[in-house]
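# Structural characterization, general
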2 protein chains.
Amino acid sequence: MFLDIKLNGDSPIYIQIKNYIEEMISKGMLQYGERLPSTRELSKMLKVSRNTVIAAYELLQDDGYINIVKGKGTFINDIHISKQENWYIDWSKKVNKYAINSEKLDIMKNELQYKKGMISFKSISPDENLFNIEDFKRAFLNRISLEGNRILNYGYAKGYKPLIDELLIYMINKGVDIEHKDILITNGFTEAFDLILSSLTNEGDNILTENPTHNTAIKLMKLHGLNIIGISMKTDGMDIDDLLNKIKNNDRIRLAYIIPSYHNPTGIVMPSQKRVQVYDILKKNNIPVIEDGFNEELRYGGSHIAPIAAISDKGNGVIYAGSFSKILFPGLRIGWILADKKLISIMESVKRSRNIHTSFLDQAVFYEYLKQGSFEKYLKKVKREYKEKYKFAIECIKKYIPYKYIYGEGGIHLFVKLKGINSREVLKRCYTKNVIFTPGDIFYIDDKGRDTFRLGIARNSKSEIEDGFKTIGDVIKSMT
Amino acid sequence: MFLDIKLNGDSPIYIQIKNYIEEMISKGMLQYGERLPSTRELSKMLKVSRNTVIAAYELLQDDGYINIVKGKGTFINDIHISKQENWYIDWSKKVNKYAINSEKLDIMKNELQYKKGMISFKSISPDENLFNIEDFKRAFLNRISLEGNRILNYGYAKGYKPLIDELLIYMINKGVDIEHKDILITNGFTEAFDLILSSLTNEGDNILTENPTHNTAIKLMKLHGLNIIGISMKTDGMDIDDLLNKIKNNDRIRLAYIIPSYHNPTGIVMPSQKRVQVYDILKKNNIPVIEDGFNEELRYGGSHIAPIAAISDKGNGVIYAGSFSKILFPGLRIGWILADKKLISIMESVKRSRNIHTSFLDQAVFYEYLKQGSFEKYLKKVKREYKEKYKFAIECIKKYIPYKYIYGEGGIHLFVKLKGINSREVLKRCYTKNVIFTPGDIFYIDDKGRDTFRLGIARNSKSEIEDGFKTIGDVIKSMT
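Small disclaimer: the values here were computed from a predicted structure and weren't measured.

### What about the packing of aromatic side chains?
- All told, the structure shown has 47 aromatic pairs over all chains when counted by the stated rule.
- Through a chain of ring-to-ring contacts, three or more aromatic side chains come together here, namely Phe131, Phe136, Phe140, Phe329, Tyr369 and Tyr378 of chain A together with Phe131, Phe136, Phe140, Phe329, Tyr369 and Tyr378 of chain B.
- Cation over ring: Lys462 of chain A sits above Phe392 of chain A, and NZ or CZ is 5.2 Å from the ring centre.

This is the structure:
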């Protein structure tokens, strides 16, 4: 039996031996009272050192699998895994409405998926080849040597204090007044938004939002059973007349969700004056704002535009949800909510009940990375790269794709409106030619957007952009 | 104005200068059209190199705060932060029932808190001084050099594949049949349990549980509006008669939540035969089991006892929630759910809608740590330490505390029943003598347990254990 062990270089030999014997015991191949080969015998059999076998046996004894009797030998313990008759449950009938809807609204499961070899414009993830891994390593090694034990043990629900302080300064520099406000660290924007909705809404509540908007936000609003009121978009953001109308026609609107910078999917940046206008209208109607600070950092030119949270000054009507995920290290899942102190304190308890806290290791390393100036350095680099790519992509659209309108003014994605062509049909045909992108309708809360699509370009080379857009253009031309 | 900049060694000088100027602009101290000192002037003023000032100005230009006009100078852009009249919301009146309950049930906010200088037996966190940081560093450096770019970018909701595979083997070695089963990686046990309840229960559902049980689990069941049916405990776990009775008297019980090993708070290990008995009863009544694999690894002696998930064999009636948090690196927040494949697939969508995925960096480093054998090595060390501490703590209780009963048989905490003495009163008096522990009533779903308390000992030295227990004992003696 022991000659079956296939030893490999993946992990220490003594652990491989231990795992093998555990498995044999669990499967009933080695039974209560049976004697194992002596350490000397087994070491010969496997051609490994005797100490290796001794180490394996010691671990097995520690775990209660075997009993080493001095002078007599090594015996299997009474493990008692009495396998019972099978019990089969049809879980798909046991799950609740929320779980069913989560799966139904999961675009990872219901949309065409990327296959190897394709040119994909689906993703709006950053280009990982631009990550400065050496700086990240340095941040890790610094932090771990300063307080490795501490950051690997339990932390606090609100977050890692030095990171919170750093982000408060970051928000001050954006013009935000932080008096009577506080920050809660979350697992990215998605958790931030889910915590806000979980704390502030009830099924059936009305919520205002730009239409189209971020698909994950739509999914979450639907999962919370909210009644989504979409405001149509002009080229500079929300249509003010539509906003006023919808507010007039809908009672008790609970919240508004807005992406003022590099709006997803359109890429529109709402100008300062309009931000003030929208703020004033919502304030007058007492509709608190959830501001999504999406890609605010990816400014390629023009004046700095302050977030709506800055306009609100010492007021507390704006909840700001920030994240660097779309630019830097999404794998870490770090985001934050800046809001009224009391509200943050309540949401801290909600966060604690959800998952205790966000990884303290990640927060601490991220803090060090910001503090050592690596983020600014990185931002400078990616802005240059993305700006160039963005300009090139615009040129390629103009050259190859018969569009009606290209929205937005930057960021790492483009949103295109076609001349009455169904983008899902375009996608279906492009897919057979190994090109994939995101159909625009998933960003709409109603039946609109069938003639739009989104092109994420951060991870594509220029030649991929050119080839891919040409394919898309050819398909569209073949349909008209 | 610029002479105010207090430069320090914490972060790069050019970033400090940039932040200072951004703050001045945001506060309106530097206004549209104003001219900044030339790079030469400012470098002299601040006694830094001119390149430092140039780097700061470049970043400010990138962010749209200033405009560098060749040959003319550097000017403040039109930033338009028009602060509006304050808007004040009383958020405590806006939050919903769930958020209010989260705060009300948050023991971090409602129980006596540790203060510096106290001897604390509140925590059941591991002793961070036992962490093998060097092994962890090695795991990080290996993984990051192999695939740093990849693990810092977006991953998958289900988890990091190599870690899932490793945990599947780990479960096989515990005797679990994994055919038609799968694993979902979560942010620790708390998220695992929350995802399960979120997917499988509706408000008002009945759920069975040991009484007392893990306080966080009680909190979550309450937050989900469940009707908790407590089964009283004997010294070897659930009282079978009570279990049968409660099942008879309650219709449609949705789920059972059980901690068979080192039960929290009692430390009881349910024997194999009893596990089978409980399994059979629940199966017969079609009540699926959530098995909490709490501290299963901390076995100090005796035969290995297989989890209930192993008894269920090829059946799918058991959902196993695992985590190493109570032993290793809780700061990382990594746990997992092993369950029926279809159920995992649905919960994967729920997980995605909550926070996309658990940190891929943490998962990858954790995987490497397991793979390189560090976990086994660490476990060997901590078992020795904790076992010794546990034995010593038992001795101290016997010596100093007039108890009625000490529950359990290992782990890193003790659960003590007093002779009709109110443990909250004991706590109140101990607190003034700088000793703190967890009153037992928070683990009960009813009004019981007022004469019990839990003592976590992992992080205390022997002399702290002796001194602290003596204080507790003296207080109790003074009350009788």
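From this point, the discussion proceeds with the structure in view.
### Examining the relation of the copies chain B and chain A
- Placing chain B over chain A gives an RMSD of 0.1 Å and needs a rotation angle of 180 degrees, together with 0.0 Å of translation along the axis. One copy is carried onto the other by what is essentially a two-fold rotation axis.
- The overlap is high: 100% of the interface residues of chain B also sit at the interface in chain A, so the same surface is used on both sides.

### A few points about unusual backbone geometry
- The peptide bond linking Asn211 of chain A to Pro212 of chain A adopts the cis configuration, its omega dihedral lying at 10 degrees.
- The phi dihedral of Asn434 of chain A falls on the positive side, at around 65 degrees, and the residue is not glycine.
- By secondary structure assignment, the location of Asn434 of chain A is in the loop between α16 (423-432) and β15 (435-436).
- Asn434 of chain A sits in the partly exposed class, given a relative accessible area of 39%.
- With a phi close to 60 degrees, His180 of chain B is a non-glycine residue in the positive phi region.
- Counting through the fold element by element, His180 of chain B comes out in the loop between α7 (161-173) and β5 (181-186).
- On the basis of relative accessibility, which here comes to 57%, the residue His180 of chain B falls in the exposed class.

### Quick notes on the sheet that holds strand β5 (residues 181-186) of chain A
All names here are of chain A.
- With respect to topology, 8 strands assemble into an open sheet ordered β5-β12-β11-β10-β9-β6-β7-β8, the strand pairing being mixed. The sheet is open, and its two edges are formed by β5 and β8 (237-238), each paired on a single side.
- Contacts between helix α9 (residues 215-223) and the sheet are confined to β6 (206-211), β7 (227-234) and β9 (253-258), with β7 contributing the most and set at about 155 degrees to the helix.
- Where helix α13 (residues 341-355) meets the sheet, it contacts β5, β11 (318-323) and β12 (335-340), and its direction lies at approximately 20 degrees from that of β5.

### Considering the pairing of strand β7 (residues 227-234) of chain B
All names here are of chain B.
- Summarising the sheet, strand β6 (residues 206-211) and β7 pair through 6 bridges and their orientation is parallel. Counted as the bridge partner of Asn211 is Ser232 from β7.
- One ladder, built from 2 bridges, connects β7 with strand β8 (residues 237-238); its direction is antiparallel. By the bridge assignment for β8, Met233 is matched with Met238.
- In this structure, the hairpin formed by β7 and β8 is closed by a connection of 2 residues.

### Brief notes about the interface of chain B and chain A
- If you look at the interface, chain B gives 136 residues, while chain A gives 136 residues.
- Carbon and sulfur atoms make up 54% of the area that chain B and chain A hide from each other, which totals about 12,100 Å².
- Three residues stand out in chain B for area buried against chain A, namely Trp87, Trp91 and Leu152 of chain B, and they jointly supply 8% of the buried area on that side.
- Inspection of the chain B/chain A interface yields 16 salt bridges.
- Here Lys380 of chain B makes a salt bridge to Glu58 of chain A, at a shortest N to O gap of 3.0 Å.
- In terms of residue class, the side of chain B that touches chain A is made up of 49 nonpolar, 46 polar and 41 charged.

### Observations concerning the environment of Asn129 of chain A
Residues and elements named next belong to chain A.
- Relative to the elements of secondary structure, Asn129 occurs in the loop between β4 (119-120) and α6 (133-152).
- Accessibility expressed as a relative area gives 61% for Asn129, which makes it exposed.
- Separated by 330 residues in the primary sequence, Asn129 and Arg459 place their C-alpha atoms 8.5 Å from one another.

### As for the UniProt feature "domain: HTH gntR-type" (unreviewed entry) in chain A
- This chain's UniProt record puts "domain: HTH gntR-type" (unreviewed entry) on residues 11-79 of chain A.
- Structurally, residues 11-79 of chain A is divided into 51% helix and 14% strand, and its ends, taken at the C-alpha atoms, are 26 Å apart.

### Brief notes about the sheet that holds strand β16 (residues 438-439) of chain A
All names here are of chain A.
- Reading across the sheet, the 4 strands line up as β13-β14-β17-β16 and stay open at both edges, with antiparallel pairing between neighbours. One side of each edge strand has no neighbouring strand; the edge strands of this open sheet are β13 (403-407) and β16.
- Where β13 meets strand β14 (residues 413-418), 4 bridges bridge the pair, whose relative direction is antiparallel. Its bridge partner lying in β14, Tyr405 is registered against Lys417.

### A few points about the pattern of salt bridges
All names here are of chain A.
- In the structure shown here, the tally under the stated rule is 84 salt bridges over all chains.
- The residue Asp90 makes a salt bridge to Lys93 at a minimum N-O spacing of 3.3 Å.
- Residue classification places Asp90 among the partly exposed positions, given a relative accessible area of 31%.
- For Lys93, a relative accessible area of 70% translates into the label exposed.

### Remarks on the packing of α6 of chain A against helix α14 (residues 360-371) of chain A
All names here are of chain A.
- Axis separation between α6 and α14 bottoms out at 8 Å; the angle between their running directions is 135 degrees. Compared by their axis directions, α6 and α14 come out oblique. Once α6 is placed against α14, the crossing between them reads as right-handed. Along the contact surface, α6 presents Asp135, Phe136, Ala139, Phe140, Asn142, Arg143, Ile144, Ile151 and Leu152, while α14 presents Phe360, Leu361, Ala364, Val365, Tyr367, Glu368 and Tyr369.

### Describing the domain arrangement of chain A
All names here are of chain A.
- Entries for chain A in the domain assignment read domain 1 (2-76), domain 2 (108-129 + 377-479) and domain 3 (133-372).
- Taking the mean C-alpha position of each, domain 2 and domain 3 sit 26 Å from one another.
- Tallying the contact residues gives 25 residues for domain 2 and 30 residues for domain 3.
- For the pair domain 2 and domain 3, the summed buried surface comes to about 2,500 Å²; carbon and sulfur atoms form 64% of the total.
- When residues of domain 2 are sorted by the area they lose upon contact with domain 3, Glu409, Phe443 and Ile445 head the list and together hold 24% of the total.
- Counting across the domain 2 and domain 3 interface gives 1 salt bridge.
- Counting across the interface, domain 2 meets domain 3 through 10 residue pairs in polar contact (both at pLDDT 80 or more).
- Mapped by element, the contributors of at least two residues to the side of domain 2 that touches domain 3 are α15 (374-400), β13 and β14.
- Take the side of domain 2 that touches domain 3: its biggest share by element is 8 residues, from α15.
- By residue class, the composition of the side of domain 2 that touches domain 3 is 15 nonpolar, 4 polar and 6 charged.

Calculation rules
- Residues numbered from 1 in each chain as written.
- Chains lettered and ligands numbered in written order.
- Predicted model: local features only at pLDDT ≥ 70, side-chain atom pairs only at ≥ 80, totals over all residues.
- Heavy atoms only, no water.
- Phe/Tyr/Trp six-rings, centres within 6.5 Å; stacked < 30°, edge-to-face > 60°.
- Lys NZ or Arg CZ within 6 Å of the ring centre and 35° of its normal.
- Least-squares fit on C-alpha atoms with pLDDT ≥ 70 in both.
- Contact = heavy atoms within 4.5 Å.
- Helix = DSSP H or I, 4+ residues; strand = E, 2+ residues; numbered from the N terminus.
- Buried < 20%, exposed > 50% of the residue type's maximum accessible area, 1.4 Å probe, protein only.
- Pairing = 2+ DSSP bridges.
- Axes fitted to C-alpha atoms, helices over the stretch in contact; angles between N-to-C directions.
- Buried area = accessible area lost by both parts, 1.4 Å probe.
- Salt bridge = Lys/Arg side-chain N within 4 Å of Asp/Glu carboxyl O.
- Nonpolar A, V, L, I, M, F, W, Y, C, P; charged D, E, K, R; others polar.
- UniProt positions renumbered as here; feature names shortened; annotations may be inferred.
- Parallel < 35°, antiparallel > 145°, perpendicular 65-115°, else oblique.
- Left-handed = near helix turned anticlockwise from the far one by under 90°.
- Domains from an automatic or database assignment.
- Polar contact = N/O pair within 3.5 Å; in protein donor to acceptor, adjacent residues only side chain to side chain.

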